[in-house]
Amino acid sequence: MDRPTNKKAQHFWPSVKRLLMYLRPWLGGVVLSVILAIASVLLSIIAPRVLGDATTTIYNGIMKGYRLVRAGHSVHQFPIDFARIGRIAIIVVLLYSFSGLLSMLEQVIMTWISQRVVFNLRQDLKAKMARVPVSFYDTHHNGDLMSRMVNDMDNIAGTLQSSLIELLTSAVTFVGVLALMLTISWQLTLVAFVTIPLSLVIVAFVAPTAQRLFTRQQAELGRINSQVEETYAGHTIVRTFNHEEDEQRRMFQINHRYYQAAWKAQFFSILIWPLMNFVRSLGYLMLAVAGAIRMIHGQMTIGNIQAFLQYVNQFSQPITQIANLSSTIQQTVASAERIFEVLDEPEMANRLTTFPAKKDEPLPKIEFSHVQFSYGEDPLIEDFNLKAPANHMVAIVGPTGAGKSTVINLLERFYEVDGGHIYLDGQDTRNMTRNDLRSHIAMVLQDTWLFSGTIFDNIKYGRNDATDDEVYQAAKMAYAYDFIQELPDGFQTKLNEAASNISQGQRQLLTIARAFLANPDILILDEATSSVDTRTESLIQQAMDKLQHHRTSFVVAHRLSTIRNAERIIVMNHGRIVETGNHNSLMAKNGFYANLYNSQFIGNNL
């Protein structure tokens, strides 16, 4: 789902408050960092005033010696109090040294705290992703979710690590420098204030513009992530159909939009520095002239002028920092809102219900009773009824869009029924938690999913407490043991990200072995043999026949030849069961199933 590219932080202060709540466990560390930062700033702004005394001491000594020379005295050395200058130098070095040390300690503490906060925030987001319904993934691009998990988290980490303390130290610096400037000369301080309105105008214009552009940049970055993930995952298909140039053009368009957003965001982000430097230089020039005039009239010492000019630089710097930080903080809050948006998504209802149990005898393993379901306004399944006896295989067939996969999704509780009931051993599945329900089920999909790691670990994913022997036995049951042993590292062979270092058929065998290891009551196969060769398919079918003695199996079949031996075939069309029976009885009816089968048979023999 595409997001608006010009979206701003809609709830700034509530989002800031919510983000700061993540700092609560480390409030003591934050307070200590604030104290250290304030102390560091105070030491650094005191130093110029102390250093000004050294300049005045040198100037007074030179002027005294000059007056002696003019009076006709022989002067071999200007009467400069170097001992005083040495003491001042030591004090200044100590001030800056302690200031730097305190600043370093503050940074160490805040770096640790910020990373812990983002660690917790990322953990919350990951946990939330496990609780949102499947429909959430249907409406969000993977790249956008990745951008929230990675890029937006990095923005938050950077702000918590430095920007918040910088904002505080900038304010303290501004107030402290202003106070010291007033102690030196309130007249020059008024001259310095002339530049503030101009600085505020720059901040008011640049900062909000930069924030909007940074938000757009993050949204476009999410689109790039989606495009890259999609293209790289399907690079074989792209090349097979000669769409490299099309994908390059598409990438160029997305990349160009990101470029347009990024350069504008960065331009306005850095624009504030030259503008503020211009204002600072203008104020510096005015103060230098005014200070020189006051010194000539004996109203200020040269040391105080030096200190005041140093303070002028420090006086304008906090304004510039606050301006930049306002843009950064706005961008961070926008990132936080993107994360909170996911955290606030409705979750799958996991509360236990109290639907009455079925008392029928004998109880079927699975029963759909008057089930209704729709993805939107148009109903997909209406008054669906199905009984699957224990230890039997039920095949579900039908044309595309008939509702076959939807039945499986409802059984797994990926979606909740709109009406009716689904029973497992007589208990409504909504009386069970999803974890309890799915502990009875294993699924093998047409699209294989394997993670980066060893073959052994991928099979053991089906049941973490399985022994090594059980893993090997599951591989044998899936007829995967032999090909695994032929690999250079056997079960310790590492699969790459797409598991492309083994064949598609071998990948499917591993997913089937994983399902065997889970040892479920119910086995769901969504055309699990469609991606393997005829010999491998035959081996899998033999293994499946062994499993029928202890499991209820649902087979979603697209190739009807694979379910000819099923005890019960459910034929669906438009969300309803239109025929039931075994292969021979359904063929004898010469109805919907027979037409499907014959069309495939004829198509396969043309």
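Report follows, based on the coordinates. (Residues numbered from 1 in each chain as written. Predicted model: local features only at pLDDT ≥ 70, side-chain atom pairs only at ≥ 80, totals over all residues. Heavy atoms only, no water.)

**Examining the overall build of the chain**
Of regular secondary structure, the chain possesses 19 helices and twelve strands. A buried classification covers 45% of the 606 residues belonging to the chain. For the chain, long-range pairs separated by at least 24 residues make up 78% of all intrachain contacts whose partners lie at least 6 apart in sequence. For the chain, the exposed surface amounts to about 31,400 Å²; the carbon and sulfur share of it is 58%. (Helix = DSSP H or I, 4+ residues; strand = E, 2+ residues; numbered from the N terminus. Buried < 20%, exposed > 50% of the residue type's maximum accessible area, 1.4 Å probe, protein only. Contact = heavy atoms within 4.5 Å. Areas by Shrake-Rupley, 256 points an atom, 1.4 Å probe, with all protein chains shown as cover.)

**Section: the pairing of strand 10 (residues 552–556)**
The side chains of a regular strand alternate, first on one face of the sheet and then on the other. Burial analysis of strand 10 places five of its five residues in the buried class, which makes it a mostly covered element. Neither face of strand 10 is exposed, since T552, F554 and V556 on one face and S553 and V555 on the opposite face are all buried. Taken together, the four bridges between strand 3 (residues 393–397) and strand 10 define a ladder with parallel strand orientation. Pairing of A395 across the sheet is with V555, part of strand 10. When strand 9 (residues 522–526) meets strand 10, the two strands line up parallel, connected through five bridges. The partner of L525 across the bridge, within strand 10, is V555. (Pairing = 2+ DSSP bridges.)

**Thoughts on a nonpolar patch on the surface**
On the surface, a nonpolar cluster with roughly 660 Å² of combined accessible area is contributed by I90, L94, F98, L101, M104, L105 and V108. Its location among the elements puts F98 in helix 3 (residues 82–131). Residue F98 is classed as partly exposed on the basis of its relative accessible area of 47%. (Patch = residues over 30% accessible without salt bridge, like charges linked within 9 Å, V, L, I, M, F, W, Y side chains within 5 Å. Salt bridge = Lys/Arg side-chain N within 4 Å of Asp/Glu carboxyl O.)

**Some remarks on the layout of surface pockets**
Here the largest pocket defines a volume of roughly 1,300 Å³. Lining the largest pocket are 25 residues, with E412, F414, M443, W449 and Y461 positioned closest to its centre. Looking at the lining of the largest pocket, the elements that each hand over two or more residues are helix 4 (134–138), helix 12 (434–438), strand 6 (441–444) and helix 16 (504–518). (1 Å grid on protein atoms, 1.4 Å probe; cavity = no way out; pocket = protein on both sides within 12 Å on 5 of 7 lines; lining within 4 Å. Points joined across faces, edges and corners; volume = space filled by probe spheres on them.)

**Considering the sheet that holds strand 1 (residues 366–374)**
What the four strands build is an open sheet, ordered 2-1-4-5; its pairing is antiparallel. Strand pairing shows two members of the sheet lacking a second neighbour, strand 2 (379–388) and strand 5 (427–428), which therefore form its edges. Relative to strand 5, strand 4 (residues 419–424) runs antiparallel, the two being bridged by two bridges. If you follow L424 over to strand 5, its bridge partner there is Q427. Helix 11 (residues 404–411) rests against strand 1, strand 2 and strand 4 of the sheet, and its axis sits at about 110° to strand 1. (Axes fitted to C-alpha atoms, helices over the stretch in contact; angles between N-to-C directions.)

**Digging into the pattern of salt bridges**
Proximity of charged atoms lets side chains of opposite charge pair with each other. A complete count under the given rule lists 17 salt bridges for this structure. With a shortest N-O distance of 2.9 Å, E347 and K128 are connected by a salt bridge. With E347 in the loop between helix 10 (302–343) and strand 1 and K128 in helix 3, this residue pair connects regions lying 219 residues apart in the sequence. Taking the relative accessible area as the measure of exposure, E347 reaches 39% and is therefore partly exposed. Note that R463 is salt-bridged to E470, the shortest N-O span being 3.3 Å. R463 sits in the partly exposed class, given a relative accessible area of 24%. What makes E470 partly exposed here is its relative accessible area of 33%. Beyond isolated ion pairs, a larger network of salt bridges with shared partners links D144, R148, D152, R338 and E341.

**A closer look at the packing of aromatic side chains**
How two aromatic rings sit relative to each other is given by the distance of their centres and the angle of their planes. For the structure shown, the criterion picks out twelve aromatic pairs. A centroid spacing of 5.7 Å and a plane angle of 55° characterise the contact between W449 and Y461, whose relative ring orientation is tilted. Note that W449 is positioned in the loop between strand 6 and strand 7 (453–454) and Y461 in the loop between helix 13 (455–460) and helix 14 (468–477), a separation of twelve residues in sequence. Y461 gets classed as partly exposed once you look at its relative accessible area, which sits at 48%. (Phe/Tyr/Trp six-rings, centres within 6.5 Å; stacked < 30°, edge-to-face > 60°.)

**Focus: the environment of Y59**
Along the chain, Y59 turns up in helix 2 (residues 27–70). Judged by its relative accessible area of 31%, Y59 is partly exposed. Taking the C-alpha atoms as reference points, Y59 and I302, separated by 243 residues in sequence, lie 7.4 Å from one another.

**With respect to the sheet that holds strand 10**
In space, the six strands of this open sheet follow the order 6-9-10-3-11-12, with mixed pairing throughout. Because the sheet does not close on itself, it has two edges, and the strands there are strand 6 and strand 12 (576–581). The mean angle between the axes of side-by-side strands here comes to 20°, regardless of whether they run parallel or antiparallel.

**Describing the packing of helix 2 against helix 5 (residues 142–184)**
Close contact between helix 2 and helix 5 brings their axes to 9 Å; oriented N to C, the two are set at 30°. Between helix 2 and helix 5, the angle falls in the class roughly parallel. Pair helix 2 / helix 5 crosses with right-handed handedness. Two secondary-structure elements touch here, helix 2 through S33, V34, A37, I38, V41, L42, I45 and R49 and helix 5 through I165, L168, T169, V172, T173, G176, V177, L180, T183 and I184. Across the contact of helix 2 with helix 5, the residue classes tally to twelve nonpolar, five polar and one charged. (Parallel < 35°, antiparallel > 145°, perpendicular 65-115°, else oblique. Left-handed = near helix turned anticlockwise from the far one by under 90°. Nonpolar A, V, L, I, M, F, W, Y, C, P; charged D, E, K, R; others polar.)

**Thoughts on the packing of helix 5 against helix 6 (residues 186–193)**
Pairs of packed helices are described in terms of their axes, by the angle between the two and the distance that separates them. Closest axis-to-axis distance for the helix 5/helix 6 pair is 6 Å, and the angle between their directions is 135°. The angle between helix 5 and helix 6 places the two elements in the oblique class. Facing L178, M181, L182 and I184 of helix 5, the residues of helix 6 in contact are W186, T189, A192 and F193. Of the residues belonging to the contact of helix 5 with helix 6, the class tally is seven nonpolar, one polar and no charged.

None of the figures reported here should be taken as evidence of function without further support.
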